[in-house]
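# Observations on the three-dimensional arrangement
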Amino acid sequence: MLIPCLACESRFAPDEYFNACSDYNRGLDLVSWTCPRCGNHDDLRVLPGELGFGYPHRGRFDVHDRVRVPGLRRQRGELRLDISLERSSWRVHTRLRQPV
């Protein structure tokens, strides 16, 4: 299973793809991802069996495009999102934000 970058159409093995996730925003339930090849930044939502790509809008995250990833699972933690696929798992932590 290879997962695409929607900007440059490069495809990545799950380990390379999910290791490029840098931040989990629990309030909007989204993960920040940066393509290792082209540097494109995407926000995405990890859903059972798929990735949802979109944009924050009016205090929520609207999914516009979906990429199927059969067997993909997620578990929300207090300050993290645990992602699993087959026998592999990845943890995306929440970066602490400074109050504005």
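This write-up is about the structure you can find in this document. (Residues numbered from 1 in each chain as written. Predicted model: local features only at pLDDT ≥ 70, side-chain atom pairs only at ≥ 80, totals over all residues. Heavy atoms only, no water.)

Attention shifts here to the state of the cysteines. Taken as a whole, this structure holds 0 disulfides when the rule is applied. You can see C21 has no disulfide; the closest cysteine sulfur is in C35, sitting 12 Å from it. Free cysteine: C35, not disulfide-bonded; nearest cysteine sulfur from C5 at 3.7 Å. The buried category is assigned to C35, whose relative accessible area is 3%. (Disulfide = S-S within 2.5 Å. Buried < 20%, exposed > 50% of the residue type's maximum accessible area, 1.4 Å probe, protein only.)

What follows concerns the pattern of salt bridges. Applying the stated criterion to the full structure yields 7 salt bridges. One salt bridge connects D23 with R95, and the closest N-O pair in it is separated by 3.6 Å. Of this pair, D23 sits in strand β3 (residues 21–25) while R95 sits in the segment after β10 (88–93), placing them 72 residues apart in sequence. According to the relative accessible area criterion, R95 is exposed, its value standing at 52%. One salt bridge in this structure joins R60 and D62, with 3.4 Å as the shortest N-O distance. Classification of R60 as exposed rests on a relative accessible area of 53%. Through salt bridges with shared partners, a single network forms among D29, R45 and R74. (Salt bridge = Lys/Arg side-chain N within 4 Å of Asp/Glu carboxyl O. Helix = DSSP H or I, 4+ residues; strand = E, 2+ residues; numbered from the N terminus.)

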